[in-house]
Amino acid sequence: MAMTQTPNGFDLDTSGQRVVVDPVTRIEGHMRCEVNIDEQNMIRNAVSTGTMWRGLEVILKGRDPRDAWAFTQRICGVCTGTHALTSVRAVEDSLGIDIPENANSIRNIMQLSLQVHDHLVHFYHLHALDWVNPVNALKADPKATSELQQSVSPHHPKSSPGYFRDIQNRLKKFVESGQLGPFKNGYWTNPAYLLPPEADLMAVTHYLEALDFQKEIMTTRTIFGGKDTHPNWLVGGVPCAINIDGEMAAGAPINMDRLNYVSGVIDRSLEFVNNVYIPDILAIGSFYKDWLYGGGLSGKSVLAYGDIPDRANDYSAENLMMPQGAVINGNLKEVHPVDLRDPEQIQEFVPHSWYSYPDEAKGLHPWDGITEPNYALGPNAKGTRTNIEQLDEQAKYSWIKAPRWRGHAMEVGPLSRYVVGYAQGHEVITDQVNRTLRALDLPVEALFSTLGRTAARALEAQWAAEMQRYFMDKLIANIKAGDSATANVEKFDPATWPKEVKGVGFTEAPRGALAHWIRIKDTKIDNYQCVVPTTWNGSPRDNEGNIGAFEASLMNTKVERAEEPVEILRTIHSFDPCLACSTHVMGPDGEELAEVKVR
Amino acid sequence: MADTPSVLILGIGNLLWADEGFGVRAVEELHRGWSFPDNVRLMDGGTQGIYLVQHIREADILVVFDAVDFGLAPGSLKLAEGDEVPKFLGVKKISLHQTGFQEVLAMAEMLGDAPAEQLLIGVQPVELDDYGGSLRPEVKAQIAPAIEVALDYLARRGITARRRAQPLDDDITIASSEMSLARYEAGRPDAAAALRQGDARVLTAEGWRGPEDFEAEIDQLLSQPARPR
């Protein structure tokens, strides 16, 4: 049986050559994918798997719920703040704690700052090399690069031929020293790279500029979080005090000088996004606008929990500035409401995941979630249990569970948020999307692609940078009106808590919808379940045979060279996957080099 | 290098993965027991990868504590200096952050700001594969010697630390008080509740070899009664 059709509309054909990419590099954590390609090198079957077991839920059991944020912050290196925020929201929800308006504004500014930071770093430092060829940049004419720069972004201050020549020389020295550093492991002779050398040099230059600039964005979270690298969070609000007329000193409360500093960072972030990030997306996009693969579920089924509450403590769709809703079966005319408490809506399935449920025909809502490992390979798997050569996707094949919204496999992330926002007629989003499509002379369907995912992330960075300004103004106005409260500690003492409660906290992490479901019993964590963005996107097949978002996105993509699957990396990277929290990372696997096997 | 060099003492790794937490625990302990002049910065780098680039660029002298696979006996301390540092960090990607620290150093260098002097104080881990677990005794015992090495290295460069009369309390150190070593260890759920025995972690790139009797371990795991919920 080589041909099957999935209920979510994909024709799978497993008869062609099998290509294995393990691990997929330049992502957080460890992931593997396998595809079958036909004689024309088109992908006709796709299997994505998280190859390690996660166990965050079980290490939190019995701990103090007020500490959970610190643990979730350590799951991985990139989502630190957003996991912490989700966690404190879950605890506040379960205990009925209202936070002050200032805390809401500050949390939003921190979360939006993370969005800008993460999107920028993702594009330039993890994703750009799927489109940009740094080795080709060595061939560029600096003068022509300068002209290109001035044409795509007249306001960019650094555009002289000498500037580009310097960067090119630096790059040359780096390449000649044989250390290639972050540029190693690329397929630099692959015909899938389409940019002329000048565009490559411009983009590599911005890779360095972004690396330099991103340090500033972090300072916002450092100021409000009180600590560099790992900001503090607090159940009931934020852990920073405000004294608007106070002196500057280490450990002193937030004062006007610090708020002004944050304002400056916001201005410069917006400037960078407008003058560098967005023009680069349009410039690079213009060379790849015929490469519209990778849409997968984005034009069919997308989900957004929403985030950024305008007023504190109201998490209803109407009050969230980042859109909430679900689109199914490609019907953009109808956006369905989403309720994370409804046991019928979000459920996790495990027929193709290495876990056991009492009844695997049914899904479980995260409040009733079970995490019980059950590792077994299917009869058609090749290799051994400890060294798998080929997975059997008819059986269990991933450590990632399969979450579904009313039974549908969904894509989450910036593109999903933008599709939901576009379908709802969200003013800013609609305008941004239409302007981008016009600039590239593309129809709206082009949005449902790898390129669309990458573009939506850039547009969202622009939106997030501007929204920071809104909450900054709101914060300052509120403080000036005499309200300096930042925390509500009324229910901080566990003696005031009921014996048994449950709650849910959600955010839109940079890479998609994120929620933590918690049960507290006798003041300790009784059950903690995280459904992270990459659980949605990296989901394996479910009991009905629906394929997940990564899998769907790889379908019907042309691969230039089977042994150099740059197209697969390009599309998987466009999701900004983070496997560190969706799976359990283990042991000394060592090499970062992607291993590609063609069978 | 400026007259007063800027010094960064950085602990890296993930606290949640047993001996992977060595770097962060070592720098926490150093901060508890010692005070430094203003040109010295101590930092819990966690698994922040690219986000650490700017701090490294600002440093003239970089001292890194980390758990690294040197292929030595578990619990051994191993030092690397200068150009050797990235080489060791690149051998095996122990840190779970995909942007290996080696790559972060390369990025600093590409920006023309690599620290002039670098010291890696690495420990060979005993156990990484214990999610939610703490440092193993052999590794914990290397914190004090590792600190001595760092102090000595800095003293030779004219940077002297002063021993605090009283070690700092957890809540005022750079440590996360919610995850201070004592609280982290004491609050751990027991092995049955956390399903720690024989977690089936497999399936990686070639080169990893499973336990001696993997099937038996899995069978034992599967034969256990369902976890109480």
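Source: prediction; values computed, not measured. (Residues numbered from 1 in each chain as written. Chains lettered and ligands numbered in written order. Predicted model: local features only at pLDDT ≥ 70, side-chain atom pairs only at ≥ 80, totals over all residues.)

1. Notes on the overall build of chain B
For clarity, the cut-off: Only DSSP runs of H or I reaching four residues or more are called helices, and only runs of E reaching two or more are called strands; each is numbered from the N terminus. By the criterion used throughout, residues are in contact when their C-beta atoms, derived from the backbone, lie within 7 Å.
Looking only at helices and strands, chain B has eight helices and seven strands in total. Partitioning the contacts of chain B with sequence separation of at least 6, the portion at a separation of at least 24 is 75%.

2. As for the overall build of chain A
So the rule is basically this: Radius of gyration here is computed from C-alpha atoms only, and the compact-globule reference equals 2.2 Å multiplied by the residue count raised to the power 0.38. Here the C-beta atoms are placed from the backbone, and a residue counts as buried if at least 20 other C-beta atoms lie within 10 Å of its own, exposed if 12 or fewer do, and partly exposed otherwise.
Assigned secondary structure in chain A consists of 15 helices and 17 strands. Since a compact globule built from 599 residues should have a radius of gyration of about 25 Å, the 24 Å found for chain A is in line with a globular shape. In terms of principal-axis extent, the alpha carbons of chain A reach across some 65 × 65 × 50 Å. Counting only residues that meet the buried cut, chain A has 58% of its 599 residues in that class. If you take every contact in chain A between residues at least 6 apart in sequence, the share linking residues at least 24 apart comes to 74%.

3. Here's the deal with the pairing of strand S10 (residues 346-349) of chain A
All names here are of chain A. Basically, it comes down to this: Paired strands, in this sense, are two strands between which DSSP finds at least two bridges.
Burial along S10 is two-sided: Ile346 and Glu348 facing one way and Gln347 and Phe349 facing the other are all buried. Direction of pairing for S10 relative to strand S13 (residues 402-405): antiparallel, over a ladder of four bridges. From the neighbouring strand, glutamate 348 faces S13, where its bridge partner is proline 403.

4. Considering the sheet that holds strand S6 (residues 117-123) of chain B
All names here are of chain B. This is how the line gets drawn: Axis lines are fitted to C-alpha atoms, over the contacting stretch for helices. Their N-to-C directions set the angle, which ranges from 0 to 180 degrees.
Spatial ordering of the open sheet is given by S3-S1-S4-S6-S5, a layout of five strands whose pairing is mixed. This sheet does not close on itself; its edge strands, each paired only once, are strand S3 (40-46) and strand S5 (77-81). Strand after strand, the sheet turns through a mean of 15 degrees between neighbouring axes, direction not considered.

5. Digging into the packing of helix H9 (residues 414-424) of chain A against helix H11 (residues 450-480) of chain A
All names here are of chain A. The following threshold applies: Should an angle fall under 35 degrees it is called roughly parallel, over 145 degrees roughly antiparallel, and 65 to 115 degrees roughly perpendicular, with every other angle called oblique. When residues are grouped by polarity, Ala, Val, Leu, Ile, Met, Phe, Trp, Tyr, Cys and Pro land in nonpolar, Asp, Glu, Lys and Arg in charged, and all others, Gly among them, in polar.
Between H9 and H11, whose axes approach to 8 Å, the crossing angle comes to 80 degrees. Overall, the two elements H9 and H11 adopt an arrangement that is roughly perpendicular. Contacts between H9 and H11 involve Pro414, Leu415, Arg417 and Tyr418 on the former and, on the latter, Gly452, Arg453, Ala456, Arg457, Leu459 and Glu460. Its residues placed into classes, the contact of H9 with H11 shows five nonpolar, one polar and four charged.

6. Examining the packing of helix H3 (residues 80-95) of chain A against helix H4 (residues 101-127) of chain A
All names here are of chain A. Put simply, the rule is: Each crossing gets its hand from how the near helix is turned against the far one by less than a right angle, where anticlockwise is left-handed and clockwise is right-handed.
At a minimum axis separation of 9 Å, H3 and H4 run at an interaxial angle of 145 degrees. The handedness of the crossing between H3 and H4 comes out as left-handed. Residues Gly81, Thr82 and Leu85 of H3 form the contact with H4, whose own contacting residues are Arg107, Met110, Gln111 and Leu114. Across the contact of H3 with H4, the residue classes break down as three nonpolar, three polar and one charged.

7. Let's talk about the environment of proline 145 of chain B
Of note, proline 145 of chain B is situated in helix H6 (residues 143-155). Considering only alpha carbons, one finds proline 145 of chain B and alanine 26 of chain B, 119 residues apart in sequence, at a separation of 10.0 Å.

8. Focus: the environment of asparagine 537 of chain A
All names here are of chain A. Along the chain, the position of asparagine 537 falls in helix H12 (residues 533-537). For the pair asparagine 537 and threonine 222, spaced 315 residues apart in the sequence, the C-alpha separation amounts to 30 Å. Those residues in contact with asparagine 537 that lie beyond four places of it in its chain are Glu411, Val412, Gly413, Gly512, Gly548, Ala549, Phe550, Phe575 and Pro577.

9. Let's talk about the nonpolar core
All names here are of chain A. Our working definition: What we call a nonpolar core is a set of buried Ala, Val, Leu, Ile, Met, Phe, Trp, Tyr and Cys residues whose membership is set by joining through C-beta atoms within 7 Å.
Counting 211 residues, the largest nonpolar core has Tyr277 and Leu303 as its most contacted members. When residues in this core are grouped by element, the largest group, 14 residues, is from H11. Core analysis: the second largest hydrophobic core is formed by eight residues, Val350, Trp354, Tyr375 and Ile400 among them.

10. Quick notes on the confidence of the model for chain B
All names here are of chain B. Here is the rule we go by: Per-residue confidence from the predictor is given as pLDDT, running between 0 and 100.
Looking at chain B as a whole, the pLDDT averages 78, with 75% of positions reaching at least 70. Element-level pLDDT for chain B is lowest in helix H8 (residues 214-223), with a mean of 51, against a maximum mean of 97 in H6. Note that residues 90-98 has pLDDT below 50 and, in this model, 30 contacts with residues that lie over four places away or in other chains. Within the model, the stretch residues 224-229 combines pLDDT values under 50 with four contacts to residues more than four positions away or in other chains. Reported for the predicted complex are a pTM of 0.87 and an ipTM of 0.77.

11. Describing the sheet that holds strand S14 (residues 500-509) of chain A
Residues and elements named next belong to chain A. The antiparallel open sheet is built from three strands, whose spatial order is S14-S15-S16. The sheet is open, and its two edges are formed by S14 and strand S16 (524-531), each paired on a single side. Neighbour to neighbour, the strand axes of the sheet diverge by 15 degrees on average, direction disregarded. As paired elements, strand S15 (residues 512-521) and S16 share seven bridges and run antiparallel to each other. Counted as the bridge partner of tryptophan 517 is glutamine 529 from S16.

12. Thoughts on helix H5 (residues 142-152) of chain A
Residue pairs spaced three or four apart in an α-helix point in one direction, given the helix's 3.6 residues per turn. Residue and element names in this part refer to chain A. Using the following cut-off: The directions considered for the arc are those from the helix axis to the C-beta atoms.
Among all positions in H5, only Thr145, Ser146, Leu148, Gln149 and Val152 are buried. Down the axis of H5, the sector holding all buried residues measures 160 degrees, keeping them to one side. Check the buried side of H5 and you find it contacts helix H6 (161-176), helix H7 (197-225) and helix H8 (256-288).

13. Some details on the pairing of strand S1 (residues 7-12) of chain B
All names here are of chain B. Summarising burial for S1: six of the six residues are buried, a large majority. Where burial is concerned, the two faces of S1 agree: the one with Val7, Ile9 and Gly11 and the one with Leu8, Leu10 and Ile12 are both buried. Two strands pair when backbone bridges link them, and S1 and S3 are joined in this way by six bridges, in the parallel orientation. Residue pairing in the sheet places isoleucine 9 in a bridge with leucine 42 of S3. The pairing of S1 with strand S4 (residues 61-67) spans five bridges and is classified as parallel. Paired with isoleucine 9 across the two strands is valine 63, which belongs to S4.

14. Considering the confidence of the model for chain A
Here chain A averages 89 in pLDDT, while 91% of its residues score no lower than 70. Segment residues 581-599 of chain A: pLDDT under 50, and 79 contacts once partners within four positions in sequence are set aside and those in other chains are kept.

15. Focus: H3 of chain A
Residues and elements named next belong to chain A. Under the convention used in this document: Here the expected span of a helix is defined as 1.5 Å times the quantity of residues minus one.
The end-to-end C-alpha distance of H3 is 23 Å, a good match for the 22 Å that 16 residues give at a rise of 1.5 Å each. Taking burial as the measure, the 16 residues of H3 include 16 buried ones, the bulk of the element. Note on H3: the residue one or two positions beyond its end, glycine 96, has a positive phi of about 65 degrees.

16. Considerations on the environment of leucine 270 of chain A
Note on placement: leucine 270 of chain A falls in helix H8. Look past the residues within four positions of leucine 270 of chain A in its chain and what remains in contact with it is Ala465 and Glu466 of chain A.

17. Examining unusual backbone geometry
Residues and elements named next belong to chain A. Positioned with a positive phi, aspartate 441 is a non-glycine residue whose angle comes to about 55 degrees. Assignment of secondary structure puts aspartate 441 in the loop between helix H10 (427-440) and H11. A positive phi angle is found at threonine 523, which is not glycine, with a value near 70 degrees. You can call threonine 523 partly exposed: it has 15 C-beta atoms within 10 Å.

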